Each structure stands twice: as C-alpha cells, then as structure tokens.
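Spelled out, the chains give:
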Amino acid sequence: MTERTAETGRRCLAVVLAAGLGSRMKSAHPKVLHNLAGRSMLAHVLATLAEAGVDDVVVVIGPDHESMPREIAAISPHARIAIQHERLGTAHAVLAARDSLAQGYDDLLVVFADTPLIRAETFLAMRSALAEMNIAALVLGFEAQEPSGYGRLLMDGDRLIAIREERDANDEERAVTFCNGGLMALAGDRALPLLEKIGKANEQGEYYLTDIVAVARAEGQDIGVLMVPEEEVMGVNDRIQLARAENVLQRRLRDQAMRAGVTLIDPDSVTLSFDTRFGRDVVIDPFVIFGPGVSIGESVRIKGFSHLEQTEVGPRAIIGPFARLRPGAELEGDVHIGNFVEVKNAKVKAGAKINHLTYIGDADIGAGTNIGAGTITCNYDGFGKFRTEIGAGAFIGSHTALVAPVKIGDGAYVGTGSVITQDVSEDALALARGRQVEKPGWAKTFRDKHIK
Ligand code: UD1
Ligand code: MG
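Residues numbered from 1 in each chain as written. Chains lettered and ligands numbered in written order. Predicted model: local features only at pLDDT ≥ 70, side-chain atom pairs only at ≥ 80, totals over all residues. Heavy atoms only, no water.

### Thoughts on the domain arrangement of the protein
Next up, step 1: Assigned domains within the protein: domain 1 (12-233) and domain 2 (239-430).
Next up, step 2: Once you take the C-alpha centre of each, domain 1 and domain 2 turn out to be 43 Å apart.
Next up, step 3: Residue-level contacts link 15 residues of domain 1 with 14 residues of domain 2.
Next up, step 4: Approximately 1300 Å² of surface area, both sides summed, lies buried where domain 1 meets domain 2, with 60% of it carried by carbon and sulfur atoms.
Next up, step 5: Counting the surface domain 1 buries against domain 2, the share from its top three residues, Ala37, Leu117 and Glu231, is 42%.
Next up, step 6: Across the domain 1-domain 2 interface, the total number found is two salt bridges.
Next up, step 7: Of the charged contacts, one joins Arg251 and Glu231 as a salt bridge, the two residues approaching to 2.6 Å between their closest N and O atoms.
Next up, step 8: Applying the counting criterion to the domain 1 and domain 2 interface returns six residue pairs in polar contact (both at pLDDT 80 or more).
Next up, step 9: Contributions of two or more residues to the side of domain 1 that touches domain 2 are made by β2 (35-36) and α2 (41-51).
Next up, step 10: Tallied by class, the residues present in the side of domain 1 that touches domain 2 amount to five nonpolar, five polar and five charged. (Domains from an automatic or database assignment. Contact = heavy atoms within 4.5 Å. Buried area = accessible area lost by both parts, 1.4 Å probe. Salt bridge = Lys/Arg side-chain N within 4 Å of Asp/Glu carboxyl O. Polar contact = N/O pair within 3.5 Å; in protein donor to acceptor, adjacent residues only side chain to side chain. Helix = DSSP H or I, 4+ residues; strand = E, 2+ residues; numbered from the N terminus. Nonpolar A, V, L, I, M, F, W, Y, C, P; charged D, E, K, R; others polar.)

### Brief notes about the side chain of Thr115
Next up, step 1: Position of Thr115 relative to the elements: it lies in the loop between β6 (107-112) and α6 (120-133).
Next up, step 2: Setting aside anything within four residues of it in sequence, one finds Thr115 in contact with Val45, Gly181, Leu183, Glu232, Val233, Met234 and Gly235.

### Some remarks on the coordination of the magnesium ion (ligand 2)
Tetrahedral metal sites with four donors have an ideal angle of 109.5 degrees; octahedral sites with six donors have ideal angles of 90 or 180 degrees.
Next up, step 1: Note on the magnesium ion (ligand 2): its protein donors are Asp114 (OD) and Asn237 (OD1). The metal-donor distances range over 2.2 to 2.4 Å. With Asp114 in the loop between β6 and α6 and Asn237 in the loop between β11 (223-227) and α10 (239-259), the pair connects residues that are 123 residues apart, well separated along the chain. Of the two residues examined, Asp114 and Asn237, each falls in the buried class. (Donors = N, O, S within 2.8 Å, 3.2 Å for Na, K, Ca; no water. Buried < 20%, exposed > 50% of the residue type's maximum accessible area, 1.4 Å probe, protein only.)

### Considering the layout of surface pockets
Next up, step 1: Roughly 1500 Å³ of internal volume is contained in the largest pocket.
Next up, step 2: For the largest pocket, the lining is made up of 45 residues, of which Arg24, Lys31, Asp114, Gly149 and Asn237 are closest to its centre.
Next up, step 3: Only α4 (90-95), β10 (178-187) and α10 provide two or more residues apiece to the lining of the largest pocket.
Next up, step 4: With three residues, the top contributor of residues to the lining of the largest pocket is β10.
Next up, step 5: Taken together, the residues that form the lining of the largest pocket break down as 14 nonpolar, 19 polar and 12 charged.
Next up, step 6: Roughly 500 Å³ of internal volume is contained in the second largest pocket.
Next up, step 7: Contributing to the lining of the second largest pocket are 20 residues, with Arg39, His44, Thr48, Glu51 and Arg252 lying nearest its centre.
Next up, step 8: Looking at the lining of the second largest pocket, the elements with two or more residues in it are α2, α6 and α10.
Next up, step 9: Tallying contributions element by element places α2 first for the lining of the second largest pocket, with six residues.
Next up, step 10: Taken together, the residues that form the lining of the second largest pocket break down as 12 nonpolar, three polar and five charged. (1 Å grid on protein atoms, 1.4 Å probe; cavity = no way out; pocket = protein on both sides within 12 Å on 5 of 7 lines; lining within 4 Å. Points joined across faces, edges and corners; volume = space filled by probe spheres on them.)

### Here's the deal with the site of ligand 1
Next up, step 1: Within the structure, ligand 1 sits among 23 residues, and Gly20, Gln84, Thr90, Glu165 and Asn180 are positioned closest to it.
Next up, step 2: Between an oxygen atom of ligand 1 and a side-chain N or O atom of Asp114, the distance comes to 2.9 Å.
Next up, step 3: More than half of the atoms belonging to ligand 1 lie within 2 Å of the grid points that define the largest pocket.
Next up, step 4: At the level of elements, α4 and β10 are the ones that each hand at least two residues to the shell around ligand 1.
Next up, step 5: The residue makeup of the shell around ligand 1, split by class, is nine nonpolar, nine polar and five charged. (Near = heavy atom within 4 Å. Sits in = over half its atoms within 2 Å of the grid points.)

### Examining the pattern of salt bridges
Next up, step 1: Overall, the coordinates contain 25 salt bridges when judged by the stated rule.
Next up, step 2: The partner of Glu232 in a salt bridge is Arg119, and the shortest N-O contact between them spans 3.1 Å. Of this pair, Glu232 sits in the loop between β11 and α10 while Arg119 sits in the loop between β6 and α6; the two residues are 113 residues apart in sequence, bridging distant segments of the chain.
Next up, step 3: Via salt bridges that share partners, Arg11, Asp55, Asp56 and Arg80 belong to a single interconnected network.

The following block contains the structure:
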C-alpha cells in the first residue's frame, strides 16, 4: 500500500471529519458509529484510506465523543485525534486539525466519516488530479437524482465558481442538480491561508468548507471538479440514507463474492459483512445472514435462514436450514449442522453431525461423532460457563442433557433421554434415565372405572 505513496513521491494527510452532531439520526450514539455491513461508517472510511495508502490520518471528533477513540484505534492505531470543541461547521472542523495541516504535507484529503461508500480508487484519482492540475483544491461533483440537502456546484462553463449550500441557495441555484460530494483534496502548501479566510455569513452562521471555492477564486486560484458516481458520495444523515447506503454496500459485497466463485441463489436476500470470506464453489440459499468474522471453506453449502457470526466453517460442510453459528464456532471439513441447531464457542471436528434441534455451547465434538436430535450441553449454572468434551466416533442419543463440566470418551454411546452428569469412559454405554415399567391391563381397568 505504501508503494502507492512511493509512486507519486507526495506525502498525504487525510483529515476525517466526524465531529458533527448527526441530529437527523435521532440517536443516542454518534452518527458515524452507526454500522454498515458489520462495522461503523467511520471504520469503513478509515479502512478505505488505509487501502489508498495515505501516509497519516487525523480524525476530528466532538468533545463528547468518548466512544470514538477506541473505534479509531481499532482500525487505525496510528491515527491522530483532534477535538473540535464547538461545532461551527466543516471548515472549522478541518481547522481543528491545524497542527497536523501545518506539517508540510503535499496533499490533504478532507474526508467525511458520514460518506462511507467512497472507494480507494477515488482517493487516488483525487490526488493525481490535484498534482497534475496544479490547483488549490479539487472537489467531487455528481449528478444528483434527488439533490435536496446537498451543496450545489455553480459553474461558469467548465469553471467552478462557488458551492452554494441548499439553505443559502435561491430558487435558480436550487434547481441545479450538479452537487457537491463533500470530500475534497487540498494542496497542502495553500490550504491553511484559504481555510482561515472562510467566514460564516450564511443562514446557519457556520464556517463552511465549501466556501473555500469562492475564497480561492477571489484570489485567482483555480479549483478542479472530479465527476464521481452519486453512489460513492452518498452522505448518510438519517436512517433512510443509512438503509440506502447499506443496500449499496451489500450489492458490492455480493457481487464481489459471486465474482470470487460463490453461488448466491437469490443475492438480494443474503446479508454479508465487510469481512465475510469464502472459498470457491460455496452455494448459499436465500435468506442467510453473515455477521462479522465469518470464514467459509470451499464447497460449503449453506441452506436458507441460517445466521452466522464469528465462525469458521471447513470445506464441504453443510449448514442449515435455520442454523445458528455464534461466536467461536469452529467447524472442520464435512461437518453437518442441521435445522434449529445452535453452536457457540465450540470446536466440531471433521465429519461430525449435529442435525436437529440442538444446543452445543462451550464444547469439543470429536471427529465423526453423531449428536442426536434435541441434545443440549448444559454449560451455564447462572454464574460460570463449563465445557463439554466429546471424543471421536461417539454417539449421543436423542434428547440428552450433558451437564458440564463433563467428558464423553471416544467411541462411547449415551442412551437416548439421558441426563449425563458424570464422565463416560471410551467405548462404554451410559444410561441415565428412569427404567421403563409396564403394568399389564392398567389402562383398561382405569377406563372401565370411569366409563359407566
Ligand atoms: C456537506 C457539504 C455539502 C455536501 C454534503 C455531501 C458543507 C458545508 N456542506 O453537507 O455541500 O453536498 O456534505 O454529503 O461542507 N462535521 C464536523 N463538524 C462540524 C460539522 C460537520 O466534524 O461542525 C462533520 C460531520 O460529522 C460529517 C461531515 O462533517 O461527517 C459533514 O457534515 P454534515 O453536517 O453531514 O454536512 P452536510 O449537511 O451533509
Ligand atoms: Mg452529511
């Protein structure tokens, strides 16, 4: 990734704006920590910047954003954090990172954490255009289907004259559909003086980053526009836009999976995470949900309505329908997990079968072992969690309760309906249930007494 920097020889700082209130989300949490495809919008943007090989990152957050530094450190441990103490607009937010801006970078990328669909290629294209055109700044333009809420790009032929925020636009300006994507590339050696000249004479009384255009133009400096698809610069300001962004991201992830050799029978009904990994020839039925941290081996079949998160599935396994694989489920090759089976924090060795109505939690299941319908590992006593260890080639009869901690030896049988509280040795049969009693003729006598 850093080769990309070496190619151009230009050093780049990204300033990620994340201090906004996000009031249109109507949420107790910062807007940019809302999730898309299994991670926050902010995390998406930081990961894309890393992919684009930027040298340094500074994230501008609000003074009350206590949960933000942890999220930032998890994705970009070297990112700096700047606090915008008062929310006075996007230009003001950029200036909160003044110390970093003054460190002599060639390129500055101003990035919005609420614009998570931007691609690394676009960051690279912005930087190339900035370098080639010798301009003060480069903005992203797009033709908006629904321009309301976006700043409008006011052009004079090919030249960008100003960006007008919707609240400040007159009717004629409002009719313009050529809009501002928000993100910008700024020439590192010219940005600070321009940013400092931005005023707040607008309807909101805020320092608008978009005014850098008019300020630069007044000084005879040019600003470039790079056209991008609307989809990439879609801003997320409310939950409707959040759902739209999720949709776009899901489509990208599904296309990527299919290109890599996965069959999705009904792609639109499958939900993926940013990090879902697949081997070749995986087949996924409709309505399957992948939370974060899932890795699926080659030729696995996942049947409908299954839910997987933080799980590894080995090659040729068959999962579902209606299976639930929770964090820490590690399945080796050729394992079968059937309907209404839940597996959590458990290692299931090659070829084991758990086919019906079962809970396997905090357990080890040996190779080739068969777990009968309705088996439950009783792993929790209200305070601690305990492990169930089952050897290879064992057979657990249906409707068995395994009260952990407990061990079942290799090749052992457990009789149907047992409540197993003690270890079972290898190759033994354990029965732990009431013996059947038969009273001949009892039912008839009982009936005759009642039916006169
Ligand atoms: C902004 C642009 C608009 C563009 C749109 C694209 C400005 C003035 N307007 O509008 O032209 O069409 O994005 O999506 O730039 N933020 C701070 N501190 C602040 C204010 C905002 O950090 O004081 C951050 C927010 O967290 C957000 C980003 O800056 O990540 C953009 O702010 P937002 O309020 O969403 O701007 P828009 O109204 O969407
Ligand atoms: Mg926005």
